Amino acid sequence: MAAFFRKFFKTKKADSTPKPVDVSRLNPDNTKDLDVLIQVARESETNTLRTAAVERINHIRHLIPLYSEASASMRSRLAQRIGDLAQTAPAQVEESLGALKDPQSQSLIRQLCQSQDESVQQVSAETDPKQLLTLAIEGKTAAVRLSAAERIENEDELQALQKAAKGRDKGVYQLTRKKLQSLRQAQEKAASIQALIGGLIQQMEEQARTDNTQLYAARVQSLQAQWRDLSDEASPEQQTAFLTALDRCGQRIRQAEQAVAQEAEAHQKAEERTATLELLRSTLNTLAADVSERGPSLSSLDALQKTQENRWMEATRETEVGKAEQKAYQSLMLELRNYISAVQRLASQQDHLVELLETEAPDTNALKQLLKTVDWPAGYAQPEQLDVVSRKLGHEKEQQKAQTSDQKAQQKVLDDLLDRLEQSLEQNLLSESRQLHKQAQHAFNGLDQKHAQTRQARLTLLGRQLQDLQDWQGFATRPKQEELCSAMEHLASQHTEPEAKATRIKELQQEWRGLGGSSDQSLWHRFKAASDAAYEPCQAYFAAKSELKEVNLEKRRAICDQLAEFAANADWDAVDLKAVERIHRVAREEWRSAWPVDFKANRSLQKTFDQRLKQIEVPLNEERHKNEALKQSIVERAEALITHEPLADAMEQAKKLQKEWEASGITRHREDRKLWQAFRAACDSIFARRDAERAEQVAEDHAAIEKLQQAISASESMRSASNVSVQQLEAQLQQLSQAPVPRKLPHAVSDALGNEKHAIKTRIQQAAHQQRVTEWQGRIDQFRSQADNANTAAVPEPLPTPREIAVRLEIATGASSPDEDQGLRMKQQVERLAAGMGGVATNTEEEIDRLIACWCSQPIPAEDAEVLAPRLRQALAHWQG
């Protein structure tokens, strides 16, 4: 109800307020409407209405006063409107300047009416960042401030701009705020990605160290898949760290797979050995109990012996076998061989035996000799023919005695088994008690009624005790068996890797057997059904694996056939042994890659493959031994070159030995590695001598360069002195010319040396010129009105006039002549040119000396000497430079 009243009164109050003005109907050209528009733009409560009023005002002079009073948000709209009017109606700018006389308004007009081109020039990509910040804060127009703010990307500058624009420039403030938010979001995203990358690296490194191998490969693959999505954001160091840990994990996975394969192979071999021993025992027991009417089959027994020997050989290859197990095999195989030997002897005497038995009164001695020759093993059932011979010789009593003796031995074995069974029952060993009871029952069955009667009661009593133990054990183990049923049922519902699943099934079954089975058939059927259901998905996998084994067997057969064909057709006298070695290596690699295979079916193939490889290895080994001897001689020759002189010859021979090494043939890998290390060490020692000499030469060159630089510096200091003589300069020049120069002189030092020599030569030339000029000027100054007769012999006839001498000297030295003597200078130059073309050429210094002599060889009036002598001295000074 209270809410209703509030709504009611609010509605009534709203009804009492005046209706808003419709600015779209106001005409700005009408004075009254214009006043209303200005009032709305200045006093309206909403920016929307103010903006609409501003857009209707069509002259700059009415907008300028509004700009001075407006808020920061409205100033940008007013500035935009003023700028638009300045572009569409440029005459309004001058009109506004004429109408608004105060300096502040006129300055504002000039600022706001600035063209867009000027704004673009003011804010551009080349604008200095500090200037951008200043423009964004203090820009004359909102457009300039926004343009400058858009180009600022530095976070610190954006924060400073946001602080300065807060409450003053809403547009710049909002723009800056959005840019800062974007920057922070990008930083947070980058930090999050880096955290994920760091976490993945840490997890992968932990996986590389962990001892928990359960589902290890799946965990590593999961981390690797996550890394692929983030690897582009990782730094090279992070990628290196992750890939290093991944490589270590890969090595552990491969090692685990190899260990599983080896364990499976060892388990398979153990099962094969157990099956071999069981088959031999059962065969011998069968032979001991009875023999067929046709007698024992020699071919079957011989095949059995060979197959079991091969089976045992394969099951013990590269595998440690217990002494007891090996001893049991040897004992059983020895009995089988003895039996087969007896059968063979019987077969060889068969004709003679038949002949004797067909005789009405056979020779007793012959029959005895026959039995002795056959030597049928004791304890095994005899063939019918040997029984006939024994009866004819009256051996029935002996056989009865032997049988009685056997019954006593069997009775003794039974007693021993019953004693052991009793002890096992006392210790509650169910599994062992079952086995002993089974053996005792078998031994009891081998006794006749007379000997078995006395042991019947004890065997029955112990059997009842065994049944009680089974019942008690079943009661004690039932919870564990129920757990095994639940575990097997859970395993059946899981989708795991077939190999791991099959292994787990075997482990659970082994645990079940370790509990001694179950007297509750329903519990056993439950476990069996769960086992079958768990193993059902594995059948397809193992079927495919079986097909793969068959394919790999075919590959291995093809490898054997190819090796046989190659060995038969190869010309071993001209064959390329490197190619043969490559074939040998590739064959072994392909043989290993053709895995897995059926263990039994692979036995004969493995032997064939080994034989084929050995056949190929014979010439390879011969060639390897020959090449190893050759490389050994290369090593010895290289070691002899370590101290050989001269060094250049030693290095040249070492290079030849390297080529000889490369040209040598195949060798064994391990031996080749040892020889290579020795050869490499010898070559390194040889070339180390060269490096040492080079280092020594480099040190000498550095020392020579330093000395040369010091000499250049000393020369520069000496040359710069004001009182240096020509003799000193010439001596310094000779010293620099004779200074030792290294083989490789740096360009900077070479240039400095050349420059210094040139500077010294220039200084010597300047000194010489100065000396001659001083001498000439002295002769000019010492001149008197009397002619210098001492030089009359060197002067031409007729003598040139003093003015001609002055002009000729100016021409010779390159000095300028006065304007009044330009005609004379031209004439002298023409004559000089004619004299040069006529073959008369002279040195400048000689010409100057001759002109000075001409000057001093004639009397010159004082007024001419007073005018011309300064010209002579000036020309000489010009020549001196």
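All values derive from a computational prediction rather than experimental measurement.

Visitor: Quick rundown of the overall build of the protein? Include the residues and the values.
Guide: When you go through the protein residue by residue, the secondary structure sums to 35 helices and zero strands. Residue pairs at least 24 apart in sequence account for 71% of intrachain contacts in the protein once pairs closer than 6 positions are excluded. Within the structure as shown, the protein displays about 54,700 Å² of accessible surface, and the carbon and sulfur contribution to it stands at 49%.

Visitor: Account for the confidence of the model for the protein, naming residues and giving values.
Guide: With 88% of its residues at a pLDDT of 70 or more, the protein shows a mean pLDDT of 78. At the low end of the mean pLDDT range in the protein sits helix α1 (residues 2–16), at 39; at the high end sits helix α27 (residues 599–640), at 87. Low confidence marks residues 116–120, where pLDDT is under 50. Its contacts with residues over four positions away, or in another chain, come to three contacts.

Visitor: Got a sec to walk through the environment of W776? Specific residues and values, please.
Guide: Turning to its location among the elements, W776 is positioned in helix α31 (residues 747–781). For the pair formed by W776 and L872, sequence separation is 96 residues and the distance between their alpha carbons is 9.6 Å. Dropping the residues within four chain positions of it, W776 is found in contact with E845, I848, D849, I852, L876 and W879.

Visitor: Residue-level account of the pattern of salt bridges, with values.
Guide: Applying the stated rule across the entire model yields 28 salt bridges. When the shortest N-O distance is used, the salt bridge between K269 and E265 registers 3.4 Å. Linking K269 with E265, this pair stays in helix α14 (residues 236–289), spanning four residues, or about one helical turn. Residue classification places K269 among the buried residues on the basis of a relative accessible area of 5%. For E265, a relative accessible area of 31% translates into the label partly exposed. The residue K631 makes a salt bridge to D672 at a minimum N-O spacing of 2.4 Å. In this pair, K631 sits in helix α27 while D672 sits in helix α29 (residues 669–720), placing the two residues 41 residues apart along the sequence. Bridged by salt links that share partners, the residues R803, E810, D821 and R871 form one connected network.

Visitor: Outline the packing of helix α30 (residues 726–738) against α31, listing residues and values.
Guide: It is the contact of α30 with α31, at a shortest axis distance of 10 Å, that shows an interaxial angle of 160°. Relative to α31, α30 is oriented roughly antiparallel. The handedness of the crossing between α30 and α31 comes out as left-handed. Residues V726, L729, E730, Q732, L733, L736 and S737 of α30 lie in contact with α31, whose contacting residues are L753, E756, K757, I760, K761, R763, I764 and A767. For the contact of α30 with α31, a count of residues per class yields eight nonpolar, two polar and five charged.

Visitor: So what's going on with the packing of aromatic side chains? Residues and values would help.
Guide: Applying the stated rule across the entire model yields 13 aromatic pairs. For the ring pair W676 and F679, a centre distance of 6.0 Å and an interplane angle of 45° mean the geometry is tilted. Of this pair, W676 and F679 both sit in helix α29, separated by three residues, roughly a single helical turn. Site record: aromatic cluster; members linked through ring pairs are W512, W524 and F527.

Visitor: I'd love a proper account of the side chain of Q828, names of residues and values included.
Guide: Structurally, Q828 is set in helix α33 (residues 822–837). Here Q828 is in contact with E804, V807, R808 and I811, once residues within four sequence places are set aside.

Visitor: A description of the environment of E157 should follow, citing residues and the corresponding values.
Guide: Positionally, E157 belongs in helix α11 (residues 155–165). Exposure remark for E157: the relative accessible area of 21% places this residue in the partly exposed category. Spatially, the C-alpha atoms of E157 and T176 are 9.7 Å apart, while their sequence positions differ by 19 residues.

Visitor: Break down the nonpolar core for me, with residues and values.
Guide: Counting residues in each nonpolar core, the largest one holds 30 residues, and the members touching the most others are L301, L336, Y339 and W376. If you list the elements that add at least two residues to this core, you get α14, α15 (298–316), α16 (323–348), α17 (350–358), α18 (364–374) and α19 (384–392). By residue number, the principal contributor to this core is α16, which donates nine residues. With near-sequence residues (within four places) excluded, Y339 lies in contact with L287, V291, P296, L301, W376, P377, Y380 and A381. Formed by 29 residues, the second largest nonpolar core is a distinct cluster that contains L26, L34, I60 and A86.

Visitor: For unusual backbone geometry, give the residues involved together with the corresponding values.
Guide: The peptide bond linking W595 to P596 adopts the cis configuration, its omega dihedral lying at 10°. A cis amide bond links E645 to the next residue, P646, at an omega of 0°. Position of P646 relative to the elements: it lies in the loop between α27 and α28 (647–663).

Visitor: Summarise a positive patch on the surface; cite the residues concerned and give the values.
Guide: Together, K655, K656, K659 and R694 make up a positively charged patch on the protein surface. Counting through the fold element by element, R694 comes out in helix α29.

Visitor: Go over the environment of L647 with me, naming the residues and quoting the values.
Guide: Looking at where L647 falls in the secondary structure, it is placed in helix α28. When its relative accessible area of 6% is taken as the criterion, L647 is described as buried. The sequence separation of L647 and R689 amounts to 42 residues, and the corresponding C-alpha distance is 7.7 Å. In this structure L647 touches I686, R689, R690 and E693, once residues within four positions along its chain are discounted.

Visitor: If you had to explain the packing of helix α13 (residues 216–230) against α14 to someone new, which residues and values would you point to?
Guide: Two quantities define a packed helix pair, namely the angle between the helix axes and the distance between the axes. As a packed pair, α13 and α14 sit with axes 11 Å apart at the nearest point and diverge in direction by 160°. For the element pair α13 / α14, the angle class is roughly antiparallel. Note that α13 runs across α14; the crossing there is left-handed. Here Y216, A217, V220, L223, Q224 and W227 of α13 lie close against α14, whose contacting residues are Q238, Q239, F242, L246, C249, R252 and I253. Across the contact of α13 with α14, the residue classes tally to nine nonpolar, three polar and one charged.

Visitor: Quick rundown of the state of the cysteines? Include the residues and the values.
Guide: What is meant by a disulfide is a covalent connection between two cysteines, made through their sulfur atoms. Counted under the stated rule, the structure contains zero disulfides. You can see C854 has no disulfide; the closest cysteine sulfur is in C856, sitting 9.5 Å from it. Here C854 falls in the buried class, since its relative accessible area comes to 2%.

Parameters and conventions
- Residues numbered from 1 in each chain as written.
- Predicted model: local features only at pLDDT ≥ 70, side-chain atom pairs only at ≥ 80, totals over all residues.
- Heavy atoms only, no water.
- Helix = DSSP H or I, 4+ residues; strand = E, 2+ residues; numbered from the N terminus.
- Contact = heavy atoms within 4.5 Å.
- Areas by Shrake-Rupley, 256 points an atom, 1.4 Å probe, with all protein chains shown as cover.
- pLDDT = per-residue confidence, 0-100.
- Salt bridge = Lys/Arg side-chain N within 4 Å of Asp/Glu carboxyl O.
- Buried < 20%, exposed > 50% of the residue type's maximum accessible area, 1.4 Å probe, protein only.
- Axes fitted to C-alpha atoms, helices over the stretch in contact; angles between N-to-C directions.
- Parallel < 35°, antiparallel > 145°, perpendicular 65-115°, else oblique.
- Left-handed = near helix turned anticlockwise from the far one by under 90°.
- Nonpolar A, V, L, I, M, F, W, Y, C, P; charged D, E, K, R; others polar.
- Phe/Tyr/Trp six-rings, centres within 6.5 Å; stacked < 30°, edge-to-face > 60°.
- Core = buried A, V, L, I, M, F, W, Y, C linked by side-chain atoms within 4.5 Å.
- Patch = residues over 30% accessible without salt bridge, like charges linked within 9 Å, V, L, I, M, F, W, Y side chains within 5 Å.
- Lys, Arg positive; Asp, Glu negative; His and termini not counted.
- Charge placed at Lys NZ, Arg CZ, Asp CG, Glu CD.
- Disulfide = S-S within 2.5 Å.

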